[in-house]
Amino acid sequence: MLGDWTTSLRKTQSSNDDATGRQLSLLIGLVVVLACGAAAADLWHAVARPEPVPHVGLLALVAVGAAVANRVRVYVRVRSSQDGTAWGEVPVLIGLVFLPHGWVVLCAAAGIAAIKIIAGTPLQRTVYSVAKEVLTASTASLVLTVTGSLPASDSLSATFVPVTLAYVAMWFVDDLVFMPVISVASRTPIRQIIRKDWDSRLIAHAFRLVTILYVIEVLVSGASPLLLGFVPLLIACLHLWHSRQLRTKEERRSWRELAKTTDELNSVELTQVLHVAAIQGARVFSSDEVEIDLTGSGVDRVIHARGSEVVYDGPGPRRFDAAGEITAELETSDRTYRAGVLTLGFHGRVKLNEFEHYKLKTFAAALCTAIRNATAYAELQRLNEQNAYDAAHDPLTGLANRRELYERAERHFQGRSEDGVVALLLIDLNHFKEVNDTLGHAAGDAVLREVARRLADAAQPGDLVARLGGDEFAVLLVNLPTPALATPRAEALLTTLSRSVAVEGMQITVEAAGGIALAPGSGGVNELMRRADIAMYQAKRAGQQTATYAHSQDTADVSRLMLGGELHRAVTEHEFVVDFQPIVDLGSGEVTSAEALARWHHPEHGYLTPMEFLETVERSGQLPAFADAVLDQALAASDLWREAGFDLPVAVNVSPRSLLDPSFPEAVLARLRRHAVPPDRLIFELAETLTLSQLDVVGRALADLSEAGVRLALDDFGTGVSPLSVLSHIPVHQLKIDREFVGAVQTSSEAAAVIRSTVDLARSLHLTVTAEGVESEPQRHALWNLGCVAGQGHLFARPMSAARLLATVQRGTDGRPGALAPSLHDGAAVVRMSRRRSAGSGRSSLPHLRA
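Since the structure is predicted, the reported quantities are computational estimates derived from the model, not experimental observations.

Next up on the list: helix 2 (residues 56-71). End to end, helix 2 covers 23 Å across 16 residues, agreeing with the expected 22 Å (1.5 Å per residue, within 8%). Those residues of helix 2 that sit buried are Leu59, Val62, Ala63, Ala66, Ala67, Ala69 and Asn70.

The next subject is the confidence of the model for the protein. Taken residue by residue, the protein gives an average pLDDT of 79. The fraction at 70 or more is 81%. When mean pLDDT is taken per element in the protein, strand 23 (residues 790-791) scores highest with 95 and strand 25 (residues 848-850) scores lowest with 32. Across residues 1-16, confidence stays below pLDDT 50; counting only partners more than four residues off in sequence or on other chains, it has 70 contacts. Within the model, pLDDT remains below 50 along residues 827-851, and this stretch shows 57 contacts once partners closer than five positions in the same chain are excluded.

Our next topic: unusual backbone geometry. Most peptide bonds are trans, and most residues other than glycine sit at a negative phi. Located in the positive-phi region is Asn479, a residue other than glycine, with phi close to 55 degrees. Of note, Asn479 is situated in strand 10 (residues 472-480). Despite not being glycine, Asp814 has its phi angle at roughly 55 degrees, a positive value. Using a relative accessible area of 60% as the deciding quantity, one classes Asp814 as exposed.

Let us look at the pattern of salt bridges. Any two side chains of opposite charge can pair if their charged atoms end up close together. The tally for this structure, following the rule as stated, stands at 26 salt bridges. A salt bridge links Arg489 to Asp463; the nearest nitrogen and oxygen atoms lie 2.8 Å apart. Of this pair, Arg489 sits in helix 15 (residues 486-495) while Asp463 sits in the loop between helix 14 (441-458) and strand 9 (464-469), and the two are 26 residues apart along the sequence. Look at Arg489 and you get buried, because its relative accessible area is 18%. By relative accessible area, which is 12% here, Asp463 ends up buried. The salt bridge involving Arg673 is made with Glu666; its shortest N-O contact spans 2.9 Å. For Arg673, a relative accessible area of 56% gives the class exposed. Look at Glu666 and you get partly exposed, because its relative accessible area is 44%. What you see here is one network of salt bridges that share partners, running through Glu450, Arg453, Arg454 and Asp457.

This part covers the side chain of Arg301. When you line up the elements, Arg301 lands in the loop between strand 3 (289-293) and strand 4 (302-306). Within the structure, the side chain of Arg301 is placed 2.9 Å from the side chain of Asp313, a separation counted as a polar contact. Once you skip the residues sitting within four places of it in the chain, Arg301 turns out to touch Leu270, Thr271, Leu274, Ile292, Asp293, Leu294, Thr295, Asp313, Gly314 and Pro315.

Okay, the sheet that holds strand 3 next. Strand order in the open sheet made by the five strands is 5-4-3-7-6, with antiparallel pairing throughout. Edge positions in the sheet fall to strand 5 (309-314) and strand 6 (324-331), since each has one partner strand and no second. On average, each strand axis in the sheet is tilted by 15 degrees relative to the strand beside it, whichever way the strands run. Bridge analysis of strand 6 against strand 7 (residues 338-346) gives eight bridges, and the strand direction is antiparallel. Note on strand 7: the bridge partner recorded for Glu329 is Val341. Contacts from helix 10 (residues 270-284) reach strand 3, strand 4 and strand 5 within the one sheet, and its direction differs from that of strand 3 by about 150 degrees.

Packing of helix 19 (residues 623-643) against helix 21 (residues 664-675) brings their axes to within 10 Å, and their N-to-C directions diverge by 35 degrees. Seen from above, helix 19 lies across helix 21 with right-handed handedness. Contact with helix 19, carried on its side by Asp628, Leu631, Asp632, Leu635, Ala636, Asp639 and Arg642, involves Val668, Arg671, Leu672, Arg674 and His675 of helix 21 and no other residues of that element.

Let us look at the sheet that holds strand 9. Strand pairing in a sheet takes place through backbone hydrogen bonds and is either antiparallel or parallel in direction. Here five strands make up an open sheet; going across it, the order is 9-10-8-13-14 and the pairing mixed. Only two strands of the sheet have a single neighbouring strand rather than two, namely strand 9 and strand 14 (546-548). Pairs of neighbouring strands in the sheet enclose a mean axial angle of 20 degrees, with direction left out of account. With five bridges joining them, strand 9 and strand 10 adopt antiparallel strand pairing. Residue pairing across strands places Leu464 opposite Leu476, the latter belonging to strand 10. Contacts from helix 12 (residues 402-413) reach strand 8 (421-430), strand 9 and strand 10 within the one sheet, and its direction differs from that of strand 9 by about 130 degrees. Lying on the sheet, helix 14 is in contact with strand 8, strand 9 and strand 10; it crosses strand 10 at an angle near 5 degrees.

Glancing now at the pairing of strand 10. Two faces belong to every sheet, and in a regular strand the side chains alternate between them. For strand 10, the tally of buried residues reaches eight of nine residues, placing the bulk of the element in the interior. Sheet topology note: the strand 8/strand 10 ladder contains seven bridges and is antiparallel. Counted as the bridge partner of Leu426 is Ala474 from strand 10. As consecutive antiparallel partners, strand 9 and strand 10 are separated by two residues, and within that stretch Gly470 has a phi angle of approximately 60 degrees, a positive value.

We now examine the packing of helix 12 against helix 16 (residues 524-542). Angle between the axes and distance between the axes are the two parameters that describe a pair of packed helices. At their nearest, the axes of helix 12 and helix 16 sit 9 Å apart, and the two run at 115 degrees to each other. Between helix 12 and helix 16 the crossing geometry is right-handed. Residues Arg402, Leu405, Tyr406, Ala409, Glu410 and Phe413 of helix 12 pack against Gly524, Val525, Asn526, Leu528 and Met529 of helix 16. When grouped by side-chain class, the residues that make up the contact of helix 12 with helix 16 number seven nonpolar, two polar and two charged.

Right, let's get into the packing of aromatic side chains. Tallied over the full model, the rule gives four aromatic pairs. On the basis of an interplanar angle of 80 degrees and a centroid distance of 5.2 Å, the ring pair of Phe580 and Trp641 is categorised as edge-to-face. Of the two residues, Phe580 sits in strand 15 (residues 576-585) while Trp641 sits in helix 19, which places them 61 residues apart along the sequence. You'll find Phe580 and Trp641 in the same group, each marked buried.

Here we come to helix 16. The end-to-end C-alpha distance of helix 16 is 27 Å, a good match for the 27 Å that 19 residues give at a rise of 1.5 Å each. Gly543, located one to two residues past helix 16, shows a positive phi value of around 70 degrees.

Reading the values: the criteria
Residues numbered from 1 in each chain as written. Predicted model: local features only at pLDDT ≥ 70, side-chain atom pairs only at ≥ 80, totals over all residues. Heavy atoms only, no water. Helix = DSSP H or I, 4+ residues; strand = E, 2+ residues; numbered from the N terminus. Expected span 1.5 Å × (residues − 1). Buried < 20%, exposed > 50% of the residue type's maximum accessible area, 1.4 Å probe, protein only. pLDDT = per-residue confidence, 0-100. Contact = heavy atoms within 4.5 Å. Salt bridge = Lys/Arg side-chain N within 4 Å of Asp/Glu carboxyl O. Polar contact = N/O pair within 3.5 Å; in protein donor to acceptor, adjacent residues only side chain to side chain. Pairing = 2+ DSSP bridges. Axes fitted to C-alpha atoms, helices over the stretch in contact; angles between N-to-C directions. Left-handed = near helix turned anticlockwise from the far one by under 90°. Nonpolar A, V, L, I, M, F, W, Y, C, P; charged D, E, K, R; others polar. Phe/Tyr/Trp six-rings, centres within 6.5 Å; stacked < 30°, edge-to-face > 60°.

Encoded structure:
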């Protein structure tokens, strides 16, 4: 029997394999029919040309040789089938040369049948093996008969050609019968099976042919039978060599395939990793199907591949229906991470050898690492996308935030968008703080979310709806056919807000005012915002729903517009300077701190006060640079005083727009470190006239600064609508009474009552109180009697430079350095409490006066 690549053909019980089963049955049936025909021809030849019956021992030797040679084979697995190469053609072909052909064919078939029955091989496979043996042996018999090979010839040349032709014919018929069957059974292209290990098979066939010719030559030439004793040893050596060659080649091929597949797994895209592993896994392990189940790791996903195609990728359960399964856990070596389970499926029962098990373990580890890396990258990418989204959107409403609005508008001004005619609608909700004050912030948030939803629903495709902070919204109107259509679009948006909003069972009417500004030819985003802001306040003052910016109605005078264009130069040339007004203990007259007051040293207009330029700065893009310049000079002054022996805290006014910048707290702390100024030596003053919605936005920045030790003073206290609500929102350390009440403290009982109630409130909350605008000794005495501990004003000193203030403090008054006024009572003293206010408590232990 030539190259008996016997397969472990097994019928699958799955309905998906019915077609394969039918094809196998047809092929096996065809082989059996041909074998029957060949057997009939052999029988006819034996009858037509009767020959004597050979010795029974020789016939038994042929049968045993065929059986033993069939059992000793080299196996190579192809999916669920085993391809085996055996030496069965050696005893058959030698027998055909020396014995009657019919008897040799019969004995070879009997030997194969006996060994299959003893091994318990299924009937279908046994019949197929016997039929194939009959076909190959009959083919060799026919070739020898036609070529006229004579066993009695004493010349090797007389038998070389016929025997060689007979061997090649057996080889050809064996492959012709076998390869279609193994191709169908393993679902492998027949071309791939033919090319598989063809060089090793060719060398093995050459060795077998040489062995056959050697035995025939020894028998024909009458040489010593002892020479045949080398044949079993030669066959054993050749068998071991061939077996080692095939296994080594298969292992090398497997490692190459595994290395190639591992390289392909180096992807950051999880789907690609899973699909490559499923498809290439079938090729690496010669399996019929591959399944990767991730459900064990908490991910409801199963990938199923059949051949070179992924047939399923989705949620579980498993979809395996193969007859044989081999699984491997996808986990790291330390078992700290488990990705799932890898399953190899075969249409028959397969047992992996030690090398294949090691290869499977290596592949599973590489796949687990690839899944872990891809999952980590996907999570990192998700976090980056989430962070990018959060950075561009308002967390409460989900709308774009100020940053996103500015970037979108900036792209328009840079000509990088196709937005056509663009206008900005700036919206401010009227009386919104009353909702917060009355119903609480949860109700206020619900109103803001509903307003955001209505604006987003009513906006045209391409329009950008943003929340700028608090109760302020903006809509960037794009692709306007004409500038005149900006007003109807804006009115349509605001009309959607006129319907009442249901909050906690109540119907709340939301009123809003909108300012419209067309994109200017110059000035950029900041100028667009400034114009929309002016138009919005025009609408509020006029009681209208909307107002459109008109240059002729711009309340900013020419000088302010000129200042706006000079801000960049002023910052670059350091034209902003800072003066300091001391804050004095009203009882002792000693300086306790100083307030920084910015001035613009304009080259043409001289010194300008904040009232003349601060609004322009806030509406421009120079606010961060201006704030940095003021803070640097204030901290430098504090450092100067401290080195001279006067450790005076410095108070700096801060704009709410600065607090909207998330990086502002860290920038402040960095400057404190640079100037080596302790955080508690810095006081930020914030206007109490801020709305609650604005305080909600800046509260996070103030909390961060307070936790670091920076103190906060509430300026102009008493001028807002709800001071108690303000105190509950921000971590205040100090209250500053507005100069309006201080100026009337002697003549107005109402003013005196406001100051007294403020002092009482501050004491109950452990806060300090400073009076602004103290101009006379009677005011000082009146404030002192009302319990106010500190004050500032022209009575003590006007604003002056840091160096001049230091000289003034060093000089003092009445021979008392550090004092700017005589003491009211000899027994007065300032008692400094060591307990410091905790973040978020709204309480402080700053100096309190005790008599």
